[in-house]
Amino acid sequence: MQQIAVIGAGTMGNGIAHVFAQNGFKVNLIDVSAPALEKALQTIEKNLDRQLAKEAITADVKTQTLQNITTFTDLPAGVKNAELVVEAATENVDLKLKIFRELDQHTAPGVILATNTSSISITRIAAVTKRAGKVIGMHFMNPVPVMKLVEIINGYATEKEVTDSIVQLSEKLGKVPCVVNDYPGFIANRILMPMINEAIYSLYEGVAGVAEIDTVMKLGMAHPMGPLQLADFIGLDVCLSILHVLHDGFGNPKYAPCPLLVNMVTAGYLGVKSGEGFYKYEKGSKDLVVSERFS
């Protein structure tokens, strides 16, 4: 397996393309937006330069990595010769189902179709194809070039040979694969999102402030980042979407999103991506400043 197609040139897609290309795979990076593809290549080059400055890679590795990536705005052309497709489009179920219907039409029957979804059912995605046994979850962590974990999610019909192949492939990328089954939130987000939601509830109910909540978790639980800062980093809209998946999937009120989170997303305060969430983010500043709304 040497020819990989990655769908989506956003944060996750460009990171996945980067990692495959750096490890010698030929990558077709596909997005409907040409400017998004151009931005993705700039991001990959910037991240390679960061690795180069740290002497983690050589200049030759940087050059070869960039040469291994070809961009496409046309999905059928981009996946034509792919041996594996990794979908990393926006976390929207209707969009993913549409993409997988197209992939099923435009790739050879034996090609494995993987999704980087963080919460959407693999079984549901697989059901819109004629190859449910060859559909699997390949959930990378952000930032992809840095984080070691890949959560491998078996759909109800995923074949063992497919799982074994993706596990071995993840190891070739220098990642640590963990195989889980297809239930709402899988493992990573089933545990992480209720913690983040509880931190938001603690703020909402006035138990403690933003900085205090994050400090307790960083210093008391050895978390590298507090749950509110992490929520900002993930994107509050993404957190809300995953909590809806958990709440709908289990029908358990313990997964109900905090009203404060709902209000913040509705108002457009999404965290790092919008410039403000629980903290304020100014370009060029590395200082962690609590939003005036919570100070």
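Please read these numbers as outputs of a predicted model, since none were measured by experiment.

## Looking at the UniProt feature "binding site: NAD(+)" (unreviewed entry) in the protein
Here's step 1: This chain's UniProt record puts "binding site: NAD(+)" (unreviewed entry) on Gly8, Ala9, Gly10, Thr11, Met12, Gly13, Asp31, Glu91, Lys96, Ser118, Asn142 and Lys273.
Here's step 2: Structurally, Ser118 can be placed in the loop between β5 (112-115) and α6 (122-126).
Here's step 3: Structurally, the position occupied by Asn142 is in the loop between β6 (135-140) and β7 (149-154).
Here's step 4: Apart from residues no more than four positions distant in its own chain, Asn142 is found in contact with Thr11, Met12, Met147 and Phe233.

## Some points on a positive patch on the surface
Here's step 1: Taken together, the side chains of Lys39, Lys46, Arg50, Lys54, Lys283 and Lys286 make up a positively charged region of the molecular surface.
Here's step 2: Assignment of secondary structure puts Lys46 in helix α2 (residues 34-53).
Here's step 3: Taking relative accessible area as the criterion, Lys46 reaches 53% and is therefore assigned exposed.

## Regarding the nonpolar core
Here's step 1: Core analysis: the largest hydrophobic core is formed by 34 residues, its most contacted members being Ile16, Phe20, Leu29, Leu84, Met138, Phe140 and Ile166.
Here's step 2: Considering each element in turn, this core owes the most residues, 6 residues, to helix α1 (residues 11-22).
Here's step 3: What Phe20 contacts, discounting residues up to four positions off in sequence, is Ile4, Phe25, Val27, Leu84, Val86, Met138, Phe140, Leu169 and Leu173.
Here's step 4: Counting residues in hydrophobic clusters, the runner-up holds 25 residues, among them Ile213, Leu236, Leu240 and Ile242.

## Considering unusual backbone geometry
Glycine aside, the phi torsion of most residues is negative, and most peptide linkages are trans.
Here's step 1: Cis geometry marks the peptide bond from Asn142 to Pro143, where omega comes out at 0°.
Here's step 2: One non-glycine residue with positive phi stands out, namely Phe186, at about 55°.
Here's step 3: Looking at where Phe186 falls in the secondary structure, it is placed in the loop between β8 (176-181) and α8 (188-204).
Here's step 4: Of the residues examined, Phe186 reaches a relative accessible area of 3% and is grouped as buried.
Here's step 5: One non-glycine residue, Ala222, lies in positive phi territory at about 60°.
Here's step 6: Tracing the backbone shows Ala222 in the loop between α9 (210-221) and α10 (227-234).
Here's step 7: What makes Ala222 exposed here is its relative accessible area of 65%.

## Section: the UniProt feature "domain: 3-hydroxyacyl-CoA dehydrogenase NAD binding" (unreviewed entry) in the protein
Here's step 1: Under the local residue numbering, the UniProt record ascribes the feature "domain: 3-hydroxyacyl-CoA dehydrogenase NAD binding" (unreviewed entry) to residues 3-182.
Here's step 2: Annotation note: span residues 3-182, helix share 43%, strand share 22%, distance between end C-alpha atoms 27 Å.

## Overview of the environment of Asp248
Here's step 1: As for its placement among the helices and strands, Asp248 is situated in helix α11 (residues 236-250).
Here's step 2: In this structure the C-alpha to C-alpha distance between Asp248 and Pro184, which are 64 residues apart in sequence, comes to 8.7 Å.

## Brief notes about the packing of α11 against helix α12 (residues 259-267)
Here's step 1: Relative orientation of the contacting elements α11 and α12 amounts to 130°, with a least axis distance of 9 Å. As far as their axial angle goes, α12 and α11 are oblique. For α11 against α12, the interelement crossing comes out left-handed. On α12, the residues touching Leu236, Asp237, Leu240 and Leu243 of α11 are Leu261, Val262, Met264 and Val265.
Here's step 2: Looking at the contact of α11 with α12, its residues break down into 7 nonpolar, no polar and 1 charged.

Definitions and cut-offs
Residues numbered from 1 in each chain as written. Predicted model: local features only at pLDDT ≥ 70, side-chain atom pairs only at ≥ 80, totals over all residues. Heavy atoms only, no water. UniProt positions renumbered as here; feature names shortened; annotations may be inferred. Helix = DSSP H or I, 4+ residues; strand = E, 2+ residues; numbered from the N terminus. Contact = heavy atoms within 4.5 Å. Patch = residues over 30% accessible without salt bridge, like charges linked within 9 Å, V, L, I, M, F, W, Y side chains within 5 Å. Areas by Shrake-Rupley, 256 points an atom, 1.4 Å probe, with all protein chains shown as cover. Salt bridge = Lys/Arg side-chain N within 4 Å of Asp/Glu carboxyl O. Lys, Arg positive; Asp, Glu negative; His and termini not counted. Charge placed at Lys NZ, Arg CZ, Asp CG, Glu CD. Buried < 20%, exposed > 50% of the residue type's maximum accessible area, 1.4 Å probe, protein only. Core = buried A, V, L, I, M, F, W, Y, C linked by side-chain atoms within 4.5 Å. Axes fitted to C-alpha atoms, helices over the stretch in contact; angles between N-to-C directions. Parallel < 35°, antiparallel > 145°, perpendicular 65-115°, else oblique. Left-handed = near helix turned anticlockwise from the far one by under 90°. Nonpolar A, V, L, I, M, F, W, Y, C, P; charged D, E, K, R; others polar.

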